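# Working through the structure, step by step
So the chains spell out like this:
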Amino acid sequence: MSTILFTHIRQLVNTREDSPLLKGAALANLPCIQEAFLLVEDGVIAEYGAMHDLELLVPQLPREVADAAGSMVLPAWCDSHTHLVFARSREEEFVCKLKGMSYAEIAAQGGGILHSAGVLNDYTEDTLFTLAWARLQELSALGTGAIEIKSGYGLTVDGELKMLRVIKRLKERSNLQIRATFLGAHAYPERYKDDHAAYLDLIIHEMLPIIGREKLADYIDVFCEEGFFSPEEMEIVCTAGMQYGLRPKLHVNQLNSIGGIRSGLRMNALSLDHLETLTENDIADLSFAAAQPGAPVCTLLPTAAFFLRMPYQPARALIDAGTAIALASDFNPGSSPSGNMNFVVSLSCIGMKLLPEEAINAATLNGAHAMGAGDLVGSITVGKKANLIFTRPVPSLAWLPYAFGTNCISRVMINGEWVSR
Ligand code: NIG
Ligand code: FE
């Protein structure tokens, strides 16, 4: 058995006996212990508490004791919405946008998602795996300990399966908690532009049966947006996916409010993601749903709004409406070419006026819930994975989002193992 005791932690952050989904005002409550210890056994949090209770709680000290003096210790980030598997970056599009083209214009010219799909179909599974593995290593060194990864850049039977197999290999090889989401309904491929029914058929009759049989996905997603999938089309895809046990986690209300939220609520989505564009009715619907059992998590992606120069998601209104919000990176080559959750947390404070405590809860415990891993990660709780961020000596918790762009992380532990730097 491998055991390590950390002593003299300056502040142990997000310590909880249980792991509720944090709705409304509860998001601001971030329980912490000053001058703390933390015991890790076989990759799992075995005990924690205040230093003055150490003798009582850990009567026999293990052989390995590490003084964490000066460090704060946080649960590692839970990034519940990413497109980590992709073939190549799209910085040439970025330059087109700098010259004035809009995201929708680029998509209409066969750029955007369709461009990524074209390239991905030419890459081998091994190459995609190697690229995704390197990105995962980089993100874990930045403190991400759990991550949801979507398909959606294949848009062919082979391409979608190839992406999901890459994610499966990442799951098998990595220490991180990984969840796979099938996003075959990310965009209509050119040849189905005028025959949506045929593409929906392909998803339902050719992709989903294999995905179900080989257990290649945990969730199903649809990009519900003007020019992409309507709420009705989203319901057709999700209803089929649910027959294979795939619960919806959905892209809704990024650019337009077209009814995706009502559809998502009707289908008991685990999370409703993006939400840059919300009407008063949308917020009222989310507020009503928040009071019911099994309420969805509203996953906000501030770096996508930042990169696309869109108004930020109305986080304060969503909190006031009693919803549970999570923060995620949306890491993808088109609208958020960074998976750095430290920046996501910072930006949520700077751009959406979250308090540091709210942002940390939203990027840890609520993020874990948004990927169905709330019982395994997201807080300092006995029995959860030892997925931990050790900070450099920093003056306060608020300094983490305040000092944006500064690397505040000294070391990261995932599943009880140090991430190499
Ligand atoms: O979440 N909105 C849809 N999908 C991605 C963007 C994908 C792309 O441009 O490649 C997103 O923002
Ligand atoms: Fe996305």
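Before any of the text, the structure's been laid out above.
One structure accompanies this document, and this report is about it.

Before going further, it helps to spend a moment on the nonpolar core. Of all hydrophobic cores here, the largest spans 107 residues; its most connected members are L170 and I325. At nine residues, the largest contribution of residues to this core is made by helix α7 (residues 196-213). No fewer than three residues from each of domain 1 (3-75 + 379-418) and domain 2 (77-369) sit in this core. Sequence-distant contacts of L170, that is, excluding residues within four places in its chain, are made with L84, V85, F129, A132, W133, L136, I149 and I178.

Another point: the site of ligand 1. Taken together, 15 residues are adjacent to ligand 1, and Y103, Y153, H186, Q254 and S335 come closest. Relative to its unbound accessible surface of 320 Å², ligand 1 loses 100% to contact with the protein.

This brings us to the sheet that holds strand β9 (residues 219-224). Strand pairing within a sheet occurs via backbone hydrogen bonds; the two strands may be parallel or antiparallel. The sheet built from eight strands is open, its strands ordered β6-β7-β8-β9-β10-β11-β12-β13 with parallel pairing. Where the open sheet ends on each side, the last strands, each with one partner, are β6 (77-82) and β13 (324-327). Taken over all neighbouring pairs, the strand axes of this sheet differ in orientation by 25 degrees on average, direction set aside. By the bridge criterion, five bridges tie strand β7 (residues 144-150) to strand β8 (residues 177-185) in an arrangement that is parallel.

Attention now goes to the pairing of strand β1 (residues 3-13). Within β1, nine of the eleven residues are buried, which leaves it mostly tucked inside the rest of the structure. Sheet analysis places β1 next to strand β4 (residues 65-67), joined by three bridges and oriented parallel. When the sheet's bridge partners are listed, T7 is paired in β4 with D67. Examined bridge by bridge, β1 and strand β5 (residues 72-75) share two bridges and lie parallel to one another. Pairing of Q11 across the sheet is with M72, part of β5.

What the rule picks out here adds up to twelve salt bridges. One salt bridge in this structure joins R169 and E125, with 3.0 Å as the shortest N-O distance. In this pair, R169 is assigned in helix α6 (residues 157-173) and E125 in helix α5 (residues 125-141), connecting sequence segments 44 residues apart. Between R266 and E235 there is a salt bridge, with the nearest N and O atoms lying 2.6 Å from each other. Note that R266 is positioned in helix α9 (residues 260-266) and E235 in helix α8 (residues 231-242), a separation of 31 residues in sequence. Under the relative-accessibility criterion, R266 is labelled exposed at 59%. By sharing partners, the salt bridges in this structure join E125, D126 and R169 into a single network.

What counts, and where the lines are drawn
Every chain is numbered independently, its residues counted from 1 as its sequence is written. All chains are assigned letters beginning with A, and all ligands numbers beginning with 1, in the order in which they are written. Thresholds applied to this predicted model are a pLDDT of at least 70 for local features of residues and 80 or more for the giving and counting of side-chain atom pairs; totals over whole chains, interfaces and linings are not thresholded and use all residues. The side-chain quantities take in all heavy atoms of the structure and omit both hydrogens and water. We call a set of buried Ala, Val, Leu, Ile, Met, Phe, Trp, Tyr and Cys residues a nonpolar core when their side-chain atoms join them within 4.5 Å. Type-normalised accessible area, obtained with a 1.4 Å probe on protein chains alone, sets the label of each residue: buried when under 20%, exposed when over 50%, and partly exposed for intermediate values. A helix here means a DSSP run of H or I that spans at least four residues, while a strand means a run of E at least two residues long, and both kinds are numbered starting from the N terminus. Domain delimitation in this document rests on an assignment produced automatically or drawn from a domain database. In what follows, a contact means two residues having at least one pair of non-hydrogen atoms within 4.5 Å. Nearness is judged by heavy atoms alone; a residue qualifies as near a molecule or strand once a single heavy atom is within 4 Å of it. Per-residue and other accessible areas were derived by the Shrake-Rupley procedure at a 1.4 Å probe size, with only the shown protein chains allowed to occlude residues. Paired strands, in this sense, are two strands between which DSSP finds at least two bridges. Axes here refer to lines fitted to C-alpha atoms; in helices the fit is confined to the stretch in contact. Angles between the N-to-C directions go from 0 to 180 degrees. Whenever a carboxyl oxygen of Asp or Glu lies within 4 Å of a side-chain nitrogen of Lys or Arg, that contact is scored as a salt bridge.

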